[in-house]
Amino acid sequence: MERYFVDERSIVREIWGKADTVLFIFAASAAEFALNKAVDWLYFTGKLPADPLGRLFSTVTYSRQILFSEYTEALTAIDRISKIHGAVEQARGSQIPQWAYRDVLFMLIDHSIRSFEALERKLTDEEKAEVFSVFYRVGHRMGITGLPTTYSHWRTMREEHLQQNMIRSHFTVDLYRQYRKHLGWVRYFLLKQVQVIICPPRVKQLLGLRSVPMMRTLLWLYKAGRQFRFDRPVKLVLLPSAYKAQIAAIDSSL
C-alpha cells in the first residue's frame, strides 16, 4: 500500500481540507502576487492579467493535488509544475529567479498558518514546523536552491524576502484593477478586507490596506455561524459562479 505525500493526520491536511481556509490563502496570495518583483513572469504568458482568479486558483488546485495525493502521484504533480515553468523559461529565453520560486513557497507556508489561525485556532510550534516541512519537501523536489532547512531559519528568510522582493509597481495597480473587474465591487471589497486580516505588515503597508472596524465582528459572526452551516449559503452568494463547484469540492473531500 502506497503512502501519501502528506500524512493523513497532518495539520497541513486539516488546513487545506477546509474551503474557508483555502479561500483566505487565495485572498492573501492575490496580494503578494501583485507586489512580487517577479510578477512580470506571470504577465509574460498573458494568463494572469487575462484571468487573475483562474491563475490564482490554479496555484491552489496544484497545491491541493500535491498535499492530498499518494506519494508517487504527488511527485508527478510537482514535476509537472517544474515542466510548466521550464517551458515558460524556454519561451522567454531566461530563467525565473530562484528567489521568486522561494517567494511563492514561503507565501504558501505563511498564509497557511495565518489563515488557519484566523479561522480556527492558534497552531503550536510543532504544527507550524510541520507546515514548513511539507512545503520544504515540495520545494526540494522542484530543485529550488537556497531553501531554509528549519522553521526558525524560514521565519528569518521570510522576513528578508518580504523586505527585498516586494514592491508596488504598475503591475500591482493593473492587477488590482483586474481583481476589481473580475470580482465586482462587493467581492473586491471583501477580498481586500481578508487581506488586511491575513497579510503580513509589509504587504499591507505597500498596498495601503485599511481595515473596516466591523470586519472583525463579521468574521466572528461568520465563524460562529459555521456550526449551524450558515457559512454555506454565504459562500454561494459571495463566490464567483465559475469557482463555486471547486470550493464546494474542497469541503466535500473531508
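Shown above is the structure to which this text applies.
An account of the accompanying structure is given in this report. (Residues numbered from 1 in each chain as written. Predicted model: local features only at pLDDT ≥ 70, side-chain atom pairs only at ≥ 80, totals over all residues. Heavy atoms only, no water.)

### Description of the overall build of the chain
Convention followed: In DSSP terms, a helix is any run of H or I states spanning at least four residues, a strand is any run of E spanning at least two, and both are numbered starting from the N terminus. Burial status follows relative accessibility: with a 1.4 Å probe on protein chains alone, a residue under 20% of its type maximum counts as buried, one over 50% as exposed, and anything between as partly exposed. Any pair of residues with heavy atoms lying within 4.5 Å of one another is described as a contacting pair. In this description, accessible areas are obtained by the Shrake-Rupley approach with a 1.4 Å probe, and a residue is regarded as covered only by the protein chains that are shown.
Helix and strand counts for the chain come out as 15 helices and zero strands. Considering the chain as a whole, with its 254 residues, one finds that 50% of them fall into the buried category. Long-range pairs, those at least 24 residues apart, make up 76% of the contacts in the chain between residues at least 6 apart in sequence. Put simply, the chain shows about 12,800 Å² of open surface, and 56% of that area lies on carbon and sulfur atoms.

### Section: the pattern of salt bridges
For clarity, the cut-off: When a carboxyl oxygen of Asp or Glu lies within 4 Å of a side-chain nitrogen of Lys or Arg, that pair is called a salt bridge.
Under the counting rule described, the total for this entry stands at 11 salt bridges. Here arginine 141 makes a salt bridge to aspartate 79, at a shortest N to O gap of 2.7 Å. Here arginine 141, found in helix H8 (residues 125–142), pairs with aspartate 79, found in helix H6 (residues 71–92); they are 62 residues apart in sequence, far enough to count as distant. Given the relative accessible area of 38%, arginine 141 is considered partly exposed. Ionic pairing is found between arginine 158 and aspartate 110, a salt bridge with its closest N-O pair at 2.9 Å. Placement of arginine 158 in helix H9 (residues 151–165) and of aspartate 110 in helix H7 (residues 98–119) is noted, with a sequence separation of 48 residues between them. On the basis of relative accessibility, which here comes to 5%, the residue arginine 158 falls in the buried class. Assessed through its relative accessible area of 7%, aspartate 110 is described here as buried. One network of salt bridges, with partners in common, ties together Glu32, Asp110, Arg114 and Arg158.

### Describing the packing of aromatic side chains
What counts here: Working definition: a ring pair exists when centres of Phe, Tyr or Trp rings (six-membered ring for Trp) sit within 6.5 Å. Plane angles under 30 degrees give stacked, over 60 give edge-to-face, the rest tilted.
Scanning the model with the defined rule gives eight aromatic pairs in all. Measuring from ring centre to ring centre gives 5.9 Å for phenylalanine 132 and tyrosine 136, while their planes differ by 35°; the resulting arrangement is tilted. Of this pair, phenylalanine 132 and tyrosine 136 both sit in helix H8, separated by four residues, roughly a single helical turn. Overall, phenylalanine 132 belongs to the buried group, its relative accessible area being 6%. A centroid spacing of 5.5 Å and a plane angle of 25° characterise the contact between tyrosine 151 and tryptophan 154, whose relative ring orientation is stacked.

### Observations concerning the packing of helix H10 (residues 170–183) against helix H11 (residues 185–198)
For clarity, the threshold we go by: Axis lines are fitted through C-alpha atoms, for helices just across the contact stretch, and the angle between N-to-C directions can take any value from 0 to 180 degrees. An angle counts as roughly parallel when it lies under 35 degrees, as roughly antiparallel when it exceeds 145, as roughly perpendicular when it falls between 65 and 115, and as oblique in every other case. The handedness criterion is simple: a crossing whose near helix is rotated anticlockwise from the far helix by less than a right angle is left-handed, and one whose near helix is rotated clockwise is right-handed. When residues are sorted by character, Ala, Val, Leu, Ile, Met, Phe, Trp, Tyr, Cys and Pro go into the nonpolar class, Asp, Glu, Lys and Arg into the charged class, and all the rest, Gly among them, into the polar class.
Orientation of H10 relative to H11, taken along the N-to-C sense of each, is 130°, at an axis distance of 6 Å. Relative to H11, the element H10 is oriented oblique. As for how H10 packs across H11, the hand of that crossing is right-handed. Contact residues: Tyr176, Tyr179, Arg180 and Leu183 in H10; Trp185, Arg187, Tyr188, Leu191, Lys192 and Gln195 in H11. In terms of residue class, the contact of H10 with H11 is built from six nonpolar, one polar and three charged.

### Things to note about the nonpolar core
Definition in use: Buried residues of nine kinds, namely Ala, Val, Leu, Ile, Met, Phe, Trp, Tyr and Cys, make up a nonpolar core once their side-chain atoms join them within 4.5 Å.
Ranked by internal contacts, the top residues of the largest apolar core, which has 76 residues, are Trp16 and Tyr179. Of all the elements, helix H2 (residues 19–35) adds the most residues to this core, at 12 residues. Those residues in contact with tyrosine 179, other than ones at most four positions away along the chain, are Ala30, Pro52, Leu56, Gly184, Tyr188 and Leu191.

### Notes on H7
To keep things clear, this is the line we draw: Take the residue count of a helix, subtract one, and multiply by 1.5 Å to get its expected span.
In this model H7 runs 32 Å from its N-terminal to its C-terminal C-alpha over 22 residues, within 8% of the 32 Å that 1.5 Å per residue would give. Of all 22 residues making up H7, 18 are buried, and the element is well covered by its neighbours.

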